[in-house]
Amino acid sequence: MIEIIGVTKSFSTDCSEVRAVDDVHFTVNRGEFVLILGRSGSGKSTLLGMLSGLTRPTAGTILLNGMDISELSDDAISELRAKEIGFVFQLSGLILTINALENVMLPTLFCPDYPGSDSRAADLLTKVGMSERACAYPSTLSSGEMKRVAIARALVNAPSLLIADEPTGDLDEATEQEIMELFRQLNREGTTIMMVTHNSDLIRYATHTYRMTQGNLIKSDGALSPRLTLEPRTNVNDKVSS
Amino acid sequence: MKMNIITLLTASIRNKPGRNLATIFCFAFIAANIFFLQLLFSGTVLNVDQGISRMGADHIIVGAQYTAHLRIGENPPENTMALVKVEPSSARIKADVMGVVGKIPGVSNVSPQLYVSTLDLPAVSPEPVDLFGIDPATDFTIQPWLQTPPDHPFGPGEVLVGSELSGKVGSQIDIQGHLYTIAGRLDPTKSSVDYTVFLNMDDAYAIASAKGIVPPSAPQISPGDVNAVLVRIAQGADSGMVKSRIQQPFSYSYVKVIQRHFSLDPASQEIKGLPGLLGVISTFVVVAAFPLIALIAAMVAHERQREIGLLRSMGAKRKAIFLLVMSESLVLATIGSIIGVCVSLVAFLLLNTMGLLQTTFQVSFRTPALYEIVATSCPALIVVIAIGSISSLWPAYWSSRMNPYDAIRGEGK
Ligand SMILES: Nc1ncnc2c1ncn2[C@@H]1O[C@H](COP(=O)(O)OP(=O)(O)OP(=O)(O)O)[C@@H](O)[C@H]1O
Ligand SMILES: [Mg+2]
């Protein structure tokens, strides 16, 4: 589904040049649950930004469903984002002027053939445990609550790829578990998930784990939990249509 | 409940009431200015020619003994903007002065005025009322002040009455047993004209000879006597020069010529130049307010870059962002221009009913009809909406082109 070939992203600041992502190669197949661990500043968020076409790599190629996204028009990438990609940002990405439910419904605006029913947004809020705060404005929510609303929003258009940048960063353990179970369920239903986390306990949910250090992505094998390696991954792939 | 672009738009407008009110105020200010100037000078509710014609005479020829008896609080005629009427006096001259003066080069109109008497007519006015005779055919100073254009020439047995006198057009007025029909009412002049009944010259001679009208102490009026000959000079003629030409054939002990303190020519140019002035003032207002509005629009776009980046991450296309930013500005411009037009209209109507516009501009305005208001407000609405869209073009373009990822991280360039 995603193929990353020699992708580099560097930023030139006043004093130095930062290579946030340095010649990364990797592939994510449909139905995988990929977890990326890594220290702060290692380039994880930058990598996710490039995957969704929000920012362009300095060098290298990103293939999404076999298409080079650098060759797609801006409109085509936007459409792809609207229909196929759900994004949970590291910092709460809610629009402050509208309430939680409206935030969750917002992406349907840009998805002309929105698949869900009218109640889907409310259902998703229930799933993330936020149904009671549906009418609350983001400024009145705690950061964990905002994160959960943001997760619901990322899922409203039923994306085939969920990109989540530390989605459980602000959550207590119990809520984190609930969210991870939700992700696992989605993954089993066919959603490909790429998630960044600092919590190495979560690798048990993943089908693949990577570590990022100073812009380099390294496949992490030893850390994979034995339970997960035993999971029948083929079943997951079977469910994926097209 | 459905999510739509209107929800997003109203939410973001509601969200910053202070800033949006400031923007609306700017738009309203521009619209109010343009609309007010349009009402004043576009000719919709004002007749510029009427304004000029109401300026009265350039010179008044009076008897050498003439001194103006002024009502308290009045300006002497030499200082009023409009020389409309001679003041009551017993200094008279002969009407044949007209024939001589009418032939003088640079004179375009001459018309006589006769002061008959000042009477107490409690049924008409608490103040004493002046009786005057004018010649409707040559008169150029009184009839321009008529409230409504007459439907027939002002004829025998009819009178024109000043604004302070009671009596409707078409009704009878009783002047010590002599009955006349009110043919027209005059607009307020803030001068003795407001307390005057104007008769036809022949009626004036007739009533003057009746008993008890002219006090026995005053010299009797015989046909051919007039108190003044009002003179309008030809366009471009030199007022001072014409004055000396008028005086020349007559002895100083017989007549004197009172000249208005400014000539009509520059005044008329002033009034005719007003539509041009309108353009200058409107342009100035627009030029002054435009950068302010553009600055606010740019600030708004900058402030909202994170939000716009988020919308882009959810799949909003560049066009959608562009339209979103533009429509927000358009909504504010529309609200502002409508408020501006309404405020301006209320101010105009208030000032007009209070008579302030008339004293300031020396012209009168009608109350505009609804279709005139709509038509007159069009330029203001169009200009303000144009400013709204032009000033947000760049912010809208910038918002739609910025890198969404940098924008979300708050580093949009
Ligand atoms: N727009 C930018 N301009 C300059 N430097 C940047 C920019 N974006 C990211 N960087 C730098 O790139 C590096 C990687 O940033 P990134 O946000 O991807 O890290 P991260 O792995 O997500 O860290 P964290 O776990 O703290 O979120 C950092 O050193 C950061 O300072
Ligand atoms: Mg990060």
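Here we summarise the structure given alongside this text. (Residues numbered from 1 in each chain as written. Chains lettered and ligands numbered in written order. Predicted model: local features only at pLDDT ≥ 70, side-chain atom pairs only at ≥ 80, totals over all residues. Heavy atoms only, no water.)

Of the regular secondary structure elements, chain A holds eight helices and 10 strands. Residues counted as buried form 57% of the 242 residues belonging to chain A. Put simply, 70% of the contacts in chain A that link residues at least 6 apart link residues at least 24 apart. Approximately 10300 Å² of chain A is accessible, and the part contributed by carbon and sulfur atoms is 48%. (Helix = DSSP H or I, 4+ residues; strand = E, 2+ residues; numbered from the N terminus. Buried < 20%, exposed > 50% of the residue type's maximum accessible area, 1.4 Å probe, protein only. Contact = heavy atoms within 4.5 Å. Areas by Shrake-Rupley, 256 points an atom, 1.4 Å probe, with all protein chains shown as cover.)

The next subject is a negative patch on the surface. All names here are of chain A. Taken together, the side chains of Asp172, Glu173, Glu178 and Asp201 define an acidic patch exposed on the protein surface. Take aspartate 172: it is sitting in the loop between strand 7 (161-165) and helix 6 (173-188). Its relative accessible area of 43% is what places aspartate 172 among the partly exposed residues. (Patch = residues over 30% accessible without salt bridge, like charges linked within 9 Å, V, L, I, M, F, W, Y side chains within 5 Å. Salt bridge = Lys/Arg side-chain N within 4 Å of Asp/Glu carboxyl O. Lys, Arg positive; Asp, Glu negative; His and termini not counted. Charge placed at Lys NZ, Arg CZ, Asp CG, Glu CD.)

Right, let's get into the coordination of the magnesium ion (ligand 2). All names here are of chain A. Protein-derived ligands of the magnesium ion (ligand 2) are Ser45 (OG) and Gln90 (OE1), with the metal-ligand distances lying across 1.9 to 2.2 Å. Here the residue serine 45 occupies a position in helix 1 (residues 44-51), and glutamine 90 occupies one in the loop between strand 6 (85-88) and helix 3 (100-105), the gap between them amounting to 45 residues. The exposure class of serine 45 is buried, given its relative accessible area of 14%. (Donors = N, O, S within 2.8 Å, 3.2 Å for Na, K, Ca; no water.)

Bringing the pattern of salt bridges into the picture now. One pass over the structure, following the stated rule, counts 13 salt bridges over all chains. In this structure, glutamate 79 of chain A engages lysine 317 of chain B in a salt bridge whose closest nitrogen and oxygen atoms are separated by 2.8 Å. Residue glutamate 79 of chain A is found in helix 2 (residues 74-84), and its partner lysine 317 of chain B is found in the loop between helix 9 (305-313) and helix 10 (318-353); the two belong to separate chains. Exposure remark for glutamate 79 of chain A: the relative accessible area of 32% places this residue in the partly exposed category. For glutamate 328 of chain B, the salt bridge is made with arginine 304 of chain B, and the minimal N-O distance between the two is 2.4 Å.

Turning our eyes to something else, we now look at the nonpolar core. Residues Phe183 and Met194 of chain A are the most contacted members of the largest nonpolar core, which totals 96 residues. Discounting residues that sit within four places of it in the chain, methionine 194 of chain A has contacts with Ile2, Phe26, Val28, Val34, Ile36, Leu48, Leu51, Leu161, Leu162, Ile163 and Ala164 of chain A. Grouped together as the second largest cluster of nonpolar side chains are 42 residues, Val107, Val159, Ile233 and Phe250 of chain B included. (Core = buried A, V, L, I, M, F, W, Y, C linked by side-chain atoms within 4.5 Å.)

This part takes up the sheet that holds strand 3 (residues 33-38) of chain A. All names here are of chain A. Taken in spatial order, the six strands line up as 6-7-8-3-9-10 in an open sheet, and their pairing is mixed. Of all strands in the sheet, those bounded by a partner on one side alone are strand 6 and strand 10 (216-219). Put simply, the sheet's adjacent strands are angled 20° from each other on average, direction ignored. As judged from the four bridges shared by strand 6 and strand 7, these two strands associate in the parallel manner. Residue phenylalanine 87 lies in a different strand from strand 7, and its bridge partner there is isoleucine 163. Along the sheet, helix 2 contacts strand 6 and strand 7; its crossing angle with strand 6, the most-contacted strand, is approximately 80°. (Pairing = 2+ DSSP bridges. Axes fitted to C-alpha atoms, helices over the stretch in contact; angles between N-to-C directions.)

Okay, the packing of helix 5 (residues 143-155) of chain A against helix 6 of chain A next. Residues and elements named next belong to chain A. Put simply, helix 5 and helix 6 touch, their axes get as near as 12 Å, and they point 5° apart. By the angle class used here, helix 5 and helix 6 are roughly parallel. Across from Arg148, Ile151 and Leu155 in helix 5, the residues of helix 6 making contact are Thr175, Ile179, Leu182, Phe183 and Leu186. Across the contact of helix 5 with helix 6, the residue classes tally to six nonpolar, one polar and one charged. (Parallel < 35°, antiparallel > 145°, perpendicular 65-115°, else oblique. Nonpolar A, V, L, I, M, F, W, Y, C, P; charged D, E, K, R; others polar.)

Below, the discussion takes up helix 5 of chain A. Compared with an ideal rise of 1.5 Å per residue, which puts 13 residues at 18 Å, helix 5 of chain A spans 19 Å between its outermost C-alpha atoms and is within 8% of the ideal. Here helix 5 of chain A lies mainly inside the structure; 12 of its 13 residues are buried. Those residues of helix 5 of chain A that are buried are in contact with strand 6, helix 3, helix 4 (120-127), strand 7 and helix 6 of chain A together with helix 9 of chain B. (Expected span 1.5 Å × (residues − 1).)

Let's shift gears to the site of ligand 1. Neighbouring ligand 1 are 18 residues, the closest being Ser40, Lys44, Ser45, Thr46 and Gln90 of chain A. Near ligand 1, the surrounding residues are drawn from chains A and B. One nitrogen or oxygen atom from the side chain of serine 45 of chain A is found 2.6 Å from an oxygen atom belonging to ligand 1. In the complex, 79% of the free accessible area of ligand 1, which totals 630 Å², lies under the protein chains. Looking at the shell around ligand 1, the elements that each hand over two or more residues are strand 2 (17-28) and helix 1 of chain A. Per-class residue counts for the shell around ligand 1 are three nonpolar, nine polar and six charged. (Near = heavy atom within 4 Å. Polar contact = N/O pair within 3.5 Å; in protein donor to acceptor, adjacent residues only side chain to side chain.)

What follows covers the interface of chain A and chain B. Taken together, the contact between chain A and chain B spans 30 residues of the former and 27 residues of the latter. The largest share of the area that chain A buries against chain B comes from Leu54, Thr97 and Phe110 of chain A, three residues that together contribute 21% of it. Between chain A and chain B we count three salt bridges in total. Residue arginine 318 of chain B pairs with aspartate 74 of chain A through a salt bridge whose shortest N-O separation is 3.3 Å. Taken together, the connections running from chain A to chain B amount to nine residue pairs in polar contact (both at pLDDT 80 or more). Those elements giving two or more residues to the side of chain A that touches chain B turn out to be helix 1, helix 2 and helix 3 of chain A. Top element by residues in the side of chain A that touches chain B is helix 2 of chain A. It accounts for six residues. Of the residues belonging to the side of chain A that touches chain B, the class tally is 14 nonpolar, nine polar and seven charged. (Buried area = accessible area lost by both parts, 1.4 Å probe.)

Any functional reading would require information beyond the geometric quantities listed.
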